[in-house]
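What follows is the residue order along each chain.
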Amino acid sequence: MEHMTTRPILIHPDPRLKTVADPVREIDDDIRRLADDMLQTMYEAPGIGLAAPQVAEMCRMLVMDCVKEDDAAPRPMVLINPRITGHSDEVQFGPEGCLSFPEIFANVERWYEVDAEYMNLEGHMVQVHARGLLARAIQHELDHLDGVLFLDRVASHRDVYPRKRYR
Ligand code: ZN
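A brief report on the enclosed structure follows.

About the cut-offs
Residues numbered from 1 in each chain as written. Predicted model: local features only at pLDDT ≥ 70, side-chain atom pairs only at ≥ 80, totals over all residues. Heavy atoms only, no water. Donors = N, O, S within 2.8 Å, 3.2 Å for Na, K, Ca; no water. Helix = DSSP H or I, 4+ residues; strand = E, 2+ residues; numbered from the N terminus. Salt bridge = Lys/Arg side-chain N within 4 Å of Asp/Glu carboxyl O. Buried < 20%, exposed > 50% of the residue type's maximum accessible area, 1.4 Å probe, protein only. Pairing = 2+ DSSP bridges. Axes fitted to C-alpha atoms, helices over the stretch in contact; angles between N-to-C directions. Contact = heavy atoms within 4.5 Å.

On to the coordination of the zinc ion. The protein atoms that coordinate the zinc ion are C98 (SG), H140 (NE2) and H144 (NE2), at distances of 2.0 to 2.2 Å. Mapped onto the polypeptide sequence, the residues donating to the zinc ion form the spacing pattern C-x41-H-x3-H. Separated by four residues within a single helix, H140 and H144 lie in helix α2 (residues 132-145), roughly one turn from each other.

Right, here's the structure in full:
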């Protein structure tokens, strides 16, 4: 963790955000370093999820932390080669942001629950059943690995609105 640094986040319409990322072949020092840097970059932004292509690394890796409470301990997740293996029929419709679109939010329909599997940094396969915000984040971030952006999922321009400014 001692060399953790933030990396610049690609901003739409950077064409790399529309590129399909390659599977991670081996969990080596470069991948561990990238995971640390992505977490640092996500926390500083701040955001709740970040995909490797957003920092110009075209590999199938995500970091997330969907703890919402301000004083809760961080719960970082690193998901390598993630895939969705099942989902509910029920959907959720609500606001979503993206660190590659600093100016906007959009209402996006997502499945309410998903089953996903991924490899963690220790090389173990992990199954997760997610609902609500975590399920939304997994779907949003996994889309990044296929070059799909949240605006591609928006049904109407009326569902896109400016991000509120607090300063
Ligand atoms: Zn995003």
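Let us look at the pattern of salt bridges. In this structure the tally under the stated criterion is 12 salt bridges. In this structure, R32 and D29 form a salt bridge, with 3.0 Å as the shortest nitrogen-oxygen distance. Of this pair, R32 and D29 are both found in helix α1 (residues 29-44), three residues apart, which corresponds to roughly one turn of the helix. Taking relative accessible area as the criterion, R32 reaches 36% and is therefore assigned partly exposed. For R83, the salt bridge goes to E117, with nearest N and O atoms at 3.1 Å. Of the two residues, R83 is situated in strand β3 (residues 77-87) and E117 in strand β6 (residues 113-119); the sequence distance between them amounts to 34 residues.

Let us look at the sheet that holds strand β1 (residues 49-51). Read across the open sheet, the five strands follow the order β1-β2-β3-β6-β7; overall the sheet is antiparallel. Of all the strands in the sheet, just β1 and β7 (125-131) have a single pairing partner and so form its edges. On average, each strand axis in the sheet is tilted by 40 degrees relative to the strand beside it, whichever way the strands run. Across the sheet, α1 is in contact with β1, β2 (61-64) and β3; its angle to β2 comes to roughly 40 degrees.

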